[in-house]
Amino acid sequence: MKLLEGKKALIFGIANKRSIAWGIAKAFHEQGAEIGFSYGIPQLERRVMPLAEQIGVSFVEMADVTKDEDITNVFDKAAAHFGSIDILVHSVAFAKQEDLTGRFVHTSRDGFSMALDISAYSLVALTRQAIGLMSDGGSVLTMTYYGAEKAVPHYNVMGVAKAALEASVRYLAADLGPDGIRVNAISAGPIKTLSAAGIAGFRKMLRYTEERNPLRRNVDQDEVGRTAVWLCSDLGSGITGEVVHVDAGYHILGMPEPPEKWE
Ligand code: NAD
């Protein structure tokens, strides 16, 4: 029996074949889940539809997560299509380009609110709608990064948004646990995607972590996907409010060893 046989999952945040959400979708499909997609802007349709076809996904809807009417619309349609759902995946984030470079102290009020709204509040907004369709308990999963815990060059306002996101995971988990709904996050190491390309110096970041990670390599979308299966399937039934690092071990390092050894 496949791990997600009989489960229905709604996945937000597929932009293209490099998206982490696509890695999760492929892993869910391999494990027998019935899947629906939601993507953020109309221009992505031509990239998302072929991916949906590749794994037999027929529910594909656009929703800008800053718009309550878009969110209500996609969940109304999901209710009509699926009846109920078991899994919500939130793999959505955005910050203005100018706020992902230079000095954090220059973050504008507008840029701060936008990053927090799209990257953190949207988890609360989507979860509120999703629980209405989770008649038999469920699992919510979001994507975060180590920049929530420690200051990382250029990650800036997105680090603050991810800290809010991780705190939201804990509050949602405490709130929804009595209803049998689990809420967790995966903290992925750097992976080359569309969003990541917006972070100044991202290529250097990839090289830095590859050379210093305990596993001496970076992670990929498929490894995140497999961890998502674990967390969202019954294998993860006792886990909620957790942030699981899929980062080749980077977060355990107090002082990363440079490639040229110190001894
Ligand atoms: P991605 O660009 O493929 O995915 C980001 C998604 O957010 C896109 O699909 C985009 O359309 C969507 N989005 C942005 N604004 C939106 C809005 N207003 N409404 C609806 N959707 C919107 O990049 P990714 O790297 O796969 O990012 C997915 C998640 O993983 C993000 O939360 C990101 O912060 C997180 N993450 C990424 C990395 C990395 O190195 N790539 C590491 C850790 C965590």
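Our subject is the structure that appears above.
So, how was this worked out
- Residues numbered from 1 in each chain as written.
- Predicted model: local features only at pLDDT ≥ 70, side-chain atom pairs only at ≥ 80, totals over all residues.
- Heavy atoms only, no water.
- Pairing = 2+ DSSP bridges.
- Helix = DSSP H or I, 4+ residues; strand = E, 2+ residues; numbered from the N terminus.
- Axes fitted to C-alpha atoms, helices over the stretch in contact; angles between N-to-C directions.
- Contact = heavy atoms within 4.5 Å.
- Buried < 20%, exposed > 50% of the residue type's maximum accessible area, 1.4 Å probe, protein only.
- Near = heavy atom within 4 Å.
- Polar contact = N/O pair within 3.5 Å; in protein donor to acceptor, adjacent residues only side chain to side chain.
- Areas by Shrake-Rupley, 256 points an atom, 1.4 Å probe, with all protein chains shown as cover.
- Nonpolar A, V, L, I, M, F, W, Y, C, P; charged D, E, K, R; others polar.

Take the sheet that holds strand β2 (residues 34–39) next. The strands making up a sheet associate through hydrogen bonds between their backbones, and the pairing can be parallel or antiparallel. In space, the seven strands of this open sheet follow the order β3-β2-β1-β4-β5-β6-β7, with parallel pairing throughout. Both edges of this open sheet fall to β3 (59–62) and β7 (243–246), since each of them pairs with a single strand only. Between one strand and the next, the sheet's axes are offset by a mean angle of 20 degrees, whatever the strand orientation. For strand β1 (residues 8–12) and strand β4 (residues 87–90), the ladder comprises four bridges, and the chain directions are parallel. Within β4, the residue paired with Ala9 across the bridge is Ile87. Relative to β2, helix α2 (residues 45–54) is tilted by about 175 degrees, and along the sheet it contacts β2 and β3. Contacting β1, β2, β3 and β4, helix α3 (residues 68–82) crosses the sheet at an angle of about 170 degrees to β3.

Moving on: helix α1 (residues 20–30). Burial runs high along α1: eight of the 11 residues are buried. Restricting attention to buried positions, one finds in α1 the residues Ile20, Ala21, Trp22, Gly23, Ile24, Ala25, Ala27 and Phe28. Here the buried face of α1 lies against β1, β2, α2, β4, β5 (138–144) and α7 (221–232). Phi turns positive one or two residues past the end of α1, at Gly32, with a value near 90 degrees.

Quick look at the site of the ligand now. Lining the immediate surroundings of the ligand are 28 residues, of which Ser19, Lys162, Ile191, Thr193 and Ser195 lie closest. Separating an oxygen atom of the ligand from a side-chain N or O atom of Ser195 is a distance of 2.6 Å. Its free accessible area being 810 Å², the ligand has 91% of it covered by the protein chains. Taken together, the residues of the shell around the ligand sort by class into 18 nonpolar, eight polar and two charged.

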